[in-house]
Amino acid sequence: MVRADRIWMYNRLTSNGMLNWTFVTGVDEFVSFAASKPVFMNGEKIRCACENCANRCFQNLDDCKLHLYKYGFIPNYFEWVNHGEPYVGNSSRQVDDDVDGHHHDPISPFRQCVYDAAGPELEAHIPEEEPNPESKKFFAMLSSLDEELYPGCDNHSVLSMMARLLNIKSENHITERCFDSILELLHEALPSGNKMAKNFYETKKLIQGLGLPVEKIDCCVRWCMLYWRVDNALLNCKVCGHARYKTRRGSGKHKMIPFRKMFYFPLTPRLRRLYASRATAEHMRWHHEHVCDEGTMCHPCDSEAWKHFNIINESFVAESRNVRLGLCTDGFQPFGQSGKQYSSWPIIITPYNLPPWMCMKDKHMFLTALVPGPNNPKQNIDVFLQPLISELVNLWDYGVDTYDVSLKQNFTLRAVLMWTISDFPAYSMLSGWSTAGKSACPYCMEHSNAFSLPNGRKVSWFDNHRKFLPPNHTYRNNKTKFRRNCVERRHRPLIKTGQEILSEIEEFGLLKVTELDSERVNKQISGAICGWKKRSIFWDLPYWKTNMIRHNLDVMHIEKNVFENVFNTVMNIEGKTKDNAKARKLLIDYFTKKYPKACSTLNQNQKKIVCDWVKQLKFPDGYVSNLGRCVDDKKSRLFGMKSHDCHVFMQRLLPISFRELLPKNVWEAIIQS
């Protein structure tokens, strides 16, 4: 039953979007009543009854008022039982028991922020705070660098000029000596009284004031360990014994040069900068404030995994400005395929708080670590993830003081790593599960019924998915359309939770690669006993075992592999086609002894037609790269296509390219798959 004396609780805004005066007066009454019940308080803080906090978070009196002005009360909270008022049972609100014995309302759907609509009447009630000392120092530095380059200069400030020059130096590989000469010339050419830096050293000191450092950490030449923290003083690898430094003579002195080093870019300063900039600070709350239609996913925050995390970690969710992160990594060759073979592995962190049109931009993808080459680190990638994991643990447990320039408030910023994104080989490196052999499927695991091909010596997952069909499906008893004389009686494997997987890893006794003697111990366990190759370093994150999704596979990589296999088979590319002599021999066991030419392959003349057609294609700028350069006329094939090129070709061009060259039943099967 609705109480007539508290109708004001849900008449927050007037018709013109301003705060209702009766609502403001009622909020003062509510806060005063709650502050008079110390039994229901946490020190000097009361439970916040706004729709965001839902009586699960304690706030001071001013912050509680602010939340109520912005979000309004939780639905049907006419009896203030969480704040000391007796519950008489005549209200329609639902009451649940909290962990401390009090009652609270269930979390209702997040409402869109109406801060801007409330206007100056709400602004009068918002307590503005001074930036914390570190933020104040940063803003003071920015204001000093925002001065004009010389009297009367309107185009550039000191900071913008130095940043632009450093960017030019990096993109054009200008030497420090050349850079010093350019600065000296500019300093002489500009009017007197200019503040142009005179050399590269002064420029670096200027940029270092931004507080975005880079750490150079020595590492073992064999990727065994980092000379970091307690191991910083070691001169030899504690795992393999290899020397840390190589000694060279130069300028009459002995210079200690490490054999190998990695670069680590701390994450915390860059997260704080997102709230120090007016261009991004307000957008960092978008994931919490946006409204999405039921059944529609326009952002990761609309996914089941995100909502599952919200339920498990209520204290983290209470602060909408806490940051959700994603990690991705892959190897690339900086010198190209034709140059020196050198594989480097960048580790990228992406904040998901931003809206979709911002979080996928390159300026919001933070290069956090750069794993050195020249070879693939494989399972030892965890060695280079140690600084990042340590920082993520600290951001989860303690957080960091941050100033939000959009709300002019200080708050404790915390962060969480939601999941990783990678291709299938990198999935093995990050998760620790082996993606080779019969147990490569991370879903089926030990329940896989893959088998080795007798002639090709490859593992096949043909007819491995009938167990996912309903128990009474007719395909389960079919002995001719799948593996000969085979029926399927098994049920689909259950999905293991993170806690179950971690318990399994600990039961096997697997070690992290950063632990001593881990290589020998893990080698004895993996393969013969289980499909796990190590204990992943991500299990050190306190919340990792409760995440619904921990690792994601990159769709673009998978799509590229599917396209290349289909296209190369149809084009009958030697060494690339799946229709080879060994595959034909397998037909003896299943179908026939004859080897007729497949109707799904093209002859030499047809292949030439496809290649000539690709060379003549024209696309809008930025839609796709120049596919004409990917045509090899001698071998009548395509090569060097990027993931996006394969995506465009598979989605837009594949149905057209083979329409007049393949039989209708084959062409339809390709475009519909």
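Peer 1: I'm lost on the state of the cysteines in this one. Help?
Peer 2: Covalent bonding between the sulfur atoms of two cysteines defines a disulfide. In total, this model carries zero disulfides according to the counting rule given. A disulfide-free cysteine, C48 has its sulfur positioned 3.5 Å from the sulfur of C50, the nearest such atom. A residue is classified by how much of its surface remains accessible, and C48, at 0% relative accessible area, is buried. Classification of C50 as buried rests on a relative accessible area of 0%.

Peer 1: Can you walk me through the packing of helix α1 (residues 21-35) against helix α2 (residues 61-71) in this structure?
Peer 2: Running from amino to carboxyl end, α1 crosses α2 at an angle of 140 degrees, the nearest separation of the two axes being 10 Å. The chirality of how α1 crosses α2 is right-handed. Residue-level contacts link F23, V24, V27, D28, F30, V31 and A35 of α1 to L61, C64, K65, L68 and Y69 of α2. Residues that form the contact of α1 with α2 fall into these classes: 10 nonpolar, no polar and two charged.

Peer 1: How should a nonpolar patch on the surface be read in this particular structure?
Peer 2: A contiguous nonpolar patch, built from F424, L553, I558 and V562 and spanning about 290 Å² of accessible area, is present on the exposed surface. Its place among the elements puts F424 in helix α15 (residues 424-431).

Peer 1: I keep staring at the packing of aromatic side chains and nothing clicks. Help me out?
Peer 2: Aromatic rings considered in pairs are described by the distance between their centres and by the relative angle of their planes. Per the counting criterion, the structure on display carries 27 aromatic pairs. Judged by centre distance (5.6 Å) and plane angle (50 degrees), the rings of Y352 and W419 are tilted. Linking Y352 in the loop between β10 (345-351) and α13 (356-359) with W419 in strand β14 (residues 415-422), this pair joins segments that are 67 residues apart in sequence. You can call Y352 buried: its relative accessible area is 5%. When its relative accessible area of 8% is taken as the criterion, W419 is described as buried. Their ring planes at 25 degrees and their centres at 5.2 Å tell us that F538 and W544 sit as a pair that is stacked.

Reading the values: rules and limits
Residues numbered from 1 in each chain as written. Predicted model: local features only at pLDDT ≥ 70, side-chain atom pairs only at ≥ 80, totals over all residues. Heavy atoms only, no water. Disulfide = S-S within 2.5 Å. Buried < 20%, exposed > 50% of the residue type's maximum accessible area, 1.4 Å probe, protein only. Axes fitted to C-alpha atoms, helices over the stretch in contact; angles between N-to-C directions. Helix = DSSP H or I, 4+ residues; strand = E, 2+ residues; numbered from the N terminus. Left-handed = near helix turned anticlockwise from the far one by under 90°. Contact = heavy atoms within 4.5 Å. Nonpolar A, V, L, I, M, F, W, Y, C, P; charged D, E, K, R; others polar. Patch = residues over 30% accessible without salt bridge, like charges linked within 9 Å, V, L, I, M, F, W, Y side chains within 5 Å. Areas by Shrake-Rupley, 256 points an atom, 1.4 Å probe, with all protein chains shown as cover. Salt bridge = Lys/Arg side-chain N within 4 Å of Asp/Glu carboxyl O. Phe/Tyr/Trp six-rings, centres within 6.5 Å; stacked < 30°, edge-to-face > 60°.

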